[in-house]
Structures are given as structure tokens and as C-alpha cells.
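Notes for the structure review
Each chain, written out:
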Amino acid sequence: MTDDTNIGSDASSPGTKRAPLRISAAFATSLDTPDHIRIAEDLGYERAWLYDTPQQSPDVWMCLALAAQRTTTIGLGPGVLVPTLRHPMVNASAAAALEQLAPGRIAVAFGTGYTARRAMGQSKQIPWRHMTDYINTFRALLRGDTAEWDGARLRMLHQPGSLPSKFDEIPLYLSAIGPKGLKVAESLTENLMVVGGVPAGAENFSEVAVLIHGSVLRDWEPLDSKRLRITAGPALAQIFHVSYELGGPDAVRPLPGGPQWLAHIEEVPARERHLAIHAGHLVSMNVADTAAWDGGAHVLLEQVTTTGTADAVAQKVADLAAGGVTEILYQPIGDIRGELERFAAAVCRA
């Protein structure tokens, strides 16, 4: 959607140069994702961002490479890479290979990996100092420089022609929230990636990409419809996952469907509870999520996801653009083609 989706392109703070709004797609990576990206390209989506969630997905670089071979124009990138999952050399080598397969179409995003870490039992956040060192090493390697990691000197020893000639032109995004994270992000890149809304401080970035989830309602469709359970329910379930991980049972209990969700989760032994919480992450609802839905959680859909009528969805996107967002990352769930089509049509109404 490069020509007629410049919603809010004039909505910028004084002295801040903003790019026109781009509409991109995000995918919970699967072996079907390369074909889904081809659909997104046909529909005019600007980029396709793939989640790096190895606990439930095939390798993100593998699927990006397949997508590069099946498409010609759409941008491609991992969103987000989690430093603790791979040595920086592995990600640098993969990024170099993908740039060779799809020259000029690549972007790379890094983050602390909320789901990718917590779903594997790692509750502590990656220190921002580590993130800074990792990204600086990643960049140095792709430039062909000698870097230091884990006390050793290293350099990409690839054959000539296998490294990108213009790596500095590959956009690098950092996912961050909170004053400290935003300060680190600002020191490393001009491009920010966040989920759901725009944090204070985002005005200091040239590019602000926001990941959203939800579904465009059909005429007179109730919020507890079977279709929405599939297409928006997994996104809604994240309010329970995040609330429990950050605030414990007391943060979940007041939510509609919260007691039902807790009843299932607290039956699981504490040392394996993270496995039950994150099962089906942004793909399907697990047993606890389904219990919450049946207990009334669906009433939160329009509040915690970008679910609504076509006009309402268009207005939400326009509001994000007015707040300084330059790229919308929309993740479809369930009927991928249908959800991408409906979202594209709704946005164009603006």
C-alpha cells in the first residue's frame, strides 16, 4: 500500500521529519508464511515482518529466505531478533545471505524477546548493555570489520560477494518501551518498533513501527462470534499472558474471564506453567485462553486489540498516524488472505 495509504503523513511534531504511513504485515512464522507473504505482496503491503519464536515456529531466517525466492517487491525482515537466541555471527551471516537473495528489500529488528524468552522459562529481561554490545557487534560484522565477542576477536570470513555492499542502507529497528529502553534505542538507531500504541519519546525517532492485532467486523457481527474467536481471540489472550507474567494472579483476576483463565493455569505445576501460558502464542487459543473467552473475555476485544467495524479500524490507524506512527504492522490470524484483504480495505477507507 504505497500509493493510497499515506494516512497521517502530515502529522508530525515540529522539527521532526516523518515518512508517509506504510502498511505492512506481520506473521507468526510457519512453513506456510512464504506463501502468505506472496499474498501480502499482491495486496500491496509494504513489508512482511516474521516473528522469531523458535519454541513454536520454524527458523525465521529459513522462512524469510523462502519468501525472498517467491516474491519480488515486498520488504522482508525478522521482527524481532532476540540476542540470547543466537551468536551475533549467526544473525549477521543470515542477514547477509538474505540481502543477497532480496537486495534492497531487507530490514532487521531486535528486541528483548518477551515471548521467545518467557515461553522457555527465562523471566529476566536482557540487560540493555548486552543489547547495545550485541547490535554494535552485529553491525561491525556486516561491515566486514573485526569485532570482539565473548573475549575473542572475530570477523566474517565469507568469500567475496557474499556480504552486502551497502549494509548501512538496511534499516535496523529496535523494540523498546520505558525511558531506559527508549534512550538506548535512540543511541543505536533512528527506527523504533513497539506493540499496540505510541510511547512517550517516540517523537525522537524518524521511523516508528507499531504492531497491531485484531479483525475487521462483518456487518452486525457479535464480539463472541466463532470467527472472532479464531481471528482475534489469540491476540486478546495476550492480555492474560502479559498480566500474569508481570503482575501475577491479582492482575488477572479482575479481568472478564480472568478467574476461569486462572483456574486452568494454576492447575499446572509452577515450574512448567510458562509452557501452558504461552502455548498457541498469537496463533490459537490454548485451554486457559478458551476458558477466559467463554467466561466473557470477548467483551475486551475492541479495547485491547484493533478489532472493530471497518470505519473504526480505519480511525484507529489514522489516530496512530496522527500520533507519529510511520508504519503499521498488522498480523492476520486464521483466514490469512481474508484478514489481510479486509484490513487493507478498511485502511483505504480513511
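Residues numbered from 1 in each chain as written. Predicted model: local features only at pLDDT ≥ 70, side-chain atom pairs only at ≥ 80, totals over all residues. Heavy atoms only, no water.

The next point concerns helix α15 (residues 310–322). If you check α15, its first and last C-alpha atoms are 18 Å apart, about what 13 residues at 1.5 Å a residue would give, namely 18 Å. Of all the positions in α15, only A310, V313, A314, V317, L320 and A321 are classed as buried. The arc enclosing the buried residues of α15, seen along the axis, measures out at 120°, which places them on a common side. Taken together, the buried residues of α15 touch β1 (22–27), β9 (207–213), β10 (327–331) and α16 (336–348). Where α15 ends, the next residue or the one after it, G324, has phi of about 110°, a positive value. (Helix = DSSP H or I, 4+ residues; strand = E, 2+ residues; numbered from the N terminus. Expected span 1.5 Å × (residues − 1). Buried < 20%, exposed > 50% of the residue type's maximum accessible area, 1.4 Å probe, protein only. Arc of directions from axis to C-beta. Contact = heavy atoms within 4.5 Å.)

So, on to the sheet that holds β9. Judged by pairing direction, the sheet is parallel, and its eight strands sit side by side in the order β3-β2-β1-β10-β9-β8-β7-β4 without closing on themselves. This sheet does not close on itself; its edge strands, each paired only once, are β3 (75–78) and β4 (108–110). In this sheet, adjacent strand axes meet at a mean angle of 25° when their direction is disregarded. As paired elements, β4 and strand β7 (residues 172–175) share three bridges and run parallel to each other. When the sheet's bridge partners are listed, F110 is paired in β7 with L174. (Pairing = 2+ DSSP bridges. Axes fitted to C-alpha atoms, helices over the stretch in contact; angles between N-to-C directions.)

Bringing the nonpolar core into the picture now. Ranked by size, the top nonpolar core spans 71 residues in total, and within it F27, Y45, L76, F110, I328, L340 and F343 carry the most contacts. In terms of residue count, the dominant contributor to this core is helix α5 (residues 128–142) (eight residues). Beyond its immediate stretch of four places on either side in the chain, F110 contacts V80, L81, N91, M131, Y134, I135, F138, L172, Y173, L174 and S175. In terms of nonpolar packing, the next biggest core, distinct from the first, is built from 20 residues, L228, V252, I265 and M285 among them. (Core = buried A, V, L, I, M, F, W, Y, C linked by side-chain atoms within 4.5 Å.)

Any link to function would need more than the numbers given here.
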